[in-house]
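Summary of structural features
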Amino acid sequence: MSTTNKPFQSSIDETLDVNAILQGKRMRRNRRFDWSRRLIKENTLSTNDLIWPIFLIEGDNCREQVSSMPGVERLSVDLAVEAARKAVELGIPVLALFPNTPSELRSENGAEALNPQNLTCKALRAIKQANLPIGLMTDVALDPYTTHGHDGLMAGEEIINDATVAQLCRQAIIQAEAGADIIAPSDMMDGRIGAIRQALDAAGFENIQIMAYSAKYASAFYGPFRDAVGTSGTLIGDKRTYQMDPANTNEALAEAELDLQEGADMIMVKPGLPYLDIIQRLKQQFQAPTFAYQVSGEYAMICAASQNGWLDHDKAMLESLLAFKRAGADGILTYFAPAVAKLLQNNK
Ligand code: PBG
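Residues numbered from 1 in each chain as written. Predicted model: local features only at pLDDT ≥ 70, side-chain atom pairs only at ≥ 80, totals over all residues. Heavy atoms only, no water.

Considerations on the overall build of the protein
- Within the protein, the regular secondary structure consists of 13 helices and twelve strands.
- Dimensions of the protein, computed from C-alpha atoms along their principal axes, come out at roughly 80 × 45 × 35 Å.
- Taking all 348 residues of the protein together, the buried fraction comes to 51%.
- The long-range fraction of contacts in the protein, counting pairs at least 24 apart against all pairs at least 6 apart in sequence, stands at 75%.
- Averaging the locations of the 33 positively and 43 negatively charged side chains of the protein gives two centres separated by 11 Å. (Helix = DSSP H or I, 4+ residues; strand = E, 2+ residues; numbered from the N terminus. Buried < 20%, exposed > 50% of the residue type's maximum accessible area, 1.4 Å probe, protein only. Contact = heavy atoms within 4.5 Å. Lys, Arg positive; Asp, Glu negative; His and termini not counted. Charge placed at Lys NZ, Arg CZ, Asp CG, Glu CD.)

Some points on the site of the ligand
- Lining the immediate surroundings of the ligand are 17 residues, of which R226, K239, K270, S296 and Y335 lie closest.
- D143 is positioned with one of its side-chain polar atoms (N or O) 2.9 Å from a nitrogen atom of the ligand.
- D151 is positioned such that a nitrogen or oxygen atom in its side chain is 3.0 Å from a nitrogen atom of the ligand.
- With the chains in place, 100% of the 400 Å² that the ligand exposes on its own is no longer accessible.
- Per-class residue counts for the shell around the ligand are seven nonpolar, three polar and seven charged. (Near = heavy atom within 4 Å. Polar contact = N/O pair within 3.5 Å; in protein donor to acceptor, adjacent residues only side chain to side chain. Areas by Shrake-Rupley, 256 points an atom, 1.4 Å probe, with all protein chains shown as cover. Nonpolar A, V, L, I, M, F, W, Y, C, P; charged D, E, K, R; others polar.)

Considerations on a positive patch on the surface
- A grouping of K25, R26, R28, R29 and R31 is seen on the molecular surface, where their side chains present a positively charged patch.
- Along the chain, the position of K25 falls in the loop between α2 (18–22) and α3 (34–40).
- On the basis of relative accessibility, which here comes to 55%, the residue K25 falls in the exposed class. (Patch = residues over 30% accessible without salt bridge, like charges linked within 9 Å, V, L, I, M, F, W, Y side chains within 5 Å. Salt bridge = Lys/Arg side-chain N within 4 Å of Asp/Glu carboxyl O.)

Observations concerning the nonpolar core
- In this structure, F55, M137, L200 and M211 are the most contacted members of the largest nonpolar core, which totals 109 residues.
- Residues within four places of M211 in sequence aside, it is in contact with I51, M137, I182, I183, A184, P185, M266, M268, F291 and L333. (Core = buried A, V, L, I, M, F, W, Y, C linked by side-chain atoms within 4.5 Å.)

Notes on the state of the cysteines
- By the definition in use, this model includes zero disulfides.
- Looking at C62, it has no disulfide partner, and the nearest cysteine sulfur is the one in C121, 20 Å off.
- A relative accessible area of 28% places C62 in the partly exposed class.
- Free of any disulfide, C121 has its nearest cysteine sulfur in C169, 15 Å distant. (Disulfide = S-S within 2.5 Å.)

Written out as structure tokens, the structure reads:
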């Protein structure tokens, strides 16, 4: 190995005039110093961009590690209140709640979704009681409550749309009654945003926001989430008759347009990194508040590679989240929320 920095010499050097090629325009000038890189930075990630999804279990002072999601735990309601306090301390604006329903409470028609004493509602009330300056978002879909693991009601092999929508409206209302601030339907039934908006308004909840999972793809990246909520073992078949085909883009625009017409306050794309093109197109087309869900599989990939020493955890985490901002997302649902908020706090 050469010990000098002397460039490799050849006859090219005599004729090479890079400055003439560039006509004086050198892109590297702005990148020379840290202060200059900071000055020209186009996008920044802030704690205000984060929504933290947490998983709930029954019990008192109970926490269970989700094995496919290092650092993510299922929490009993009392510990969910502690998580909400931590989120407030870190400056995270919104918590998203996902229940792991005890298996004896799951049924063919997911009736537990309508129980005002279900895990999600109990957590909503407990966190609300703590009077914390944080928004609470809830998942509207039947999969954590059904024995077949589907988001809707089944008739034979089919996931039936309209009867499911009626049940989702009731689910949204009991969540609003328990204290939900943002209702987030993740079920991908047709017409559910309009129906839920109407039902909420009729029940006096006209100020409750709706974040629509507008472009939710039938993705392989939800695997660890299904472990976390306990549906991976029970899901019959797949979700391709209601979630979107990963091959499609225009269809995502049609979905988002319908959701906005039906009254969605915010739209979302899910999964995140493999679908940055969709985020960018939706933002450009509608200029609505647009969110990305960095899903469980994306989280697991970064964690697993970091644990093997193949990636720098913090750098990969920050870069992946900044990518959403660059694509035009206003915010990100991410299991990294507390870790990244801590990092941003320390870097101030
Ligand atoms: C289901 C739901 C899923 C996720 C959020 N809500 C999984 C699915 O559609 O099977 C996935 C979230 C993640 O993977 O992090 N209503």
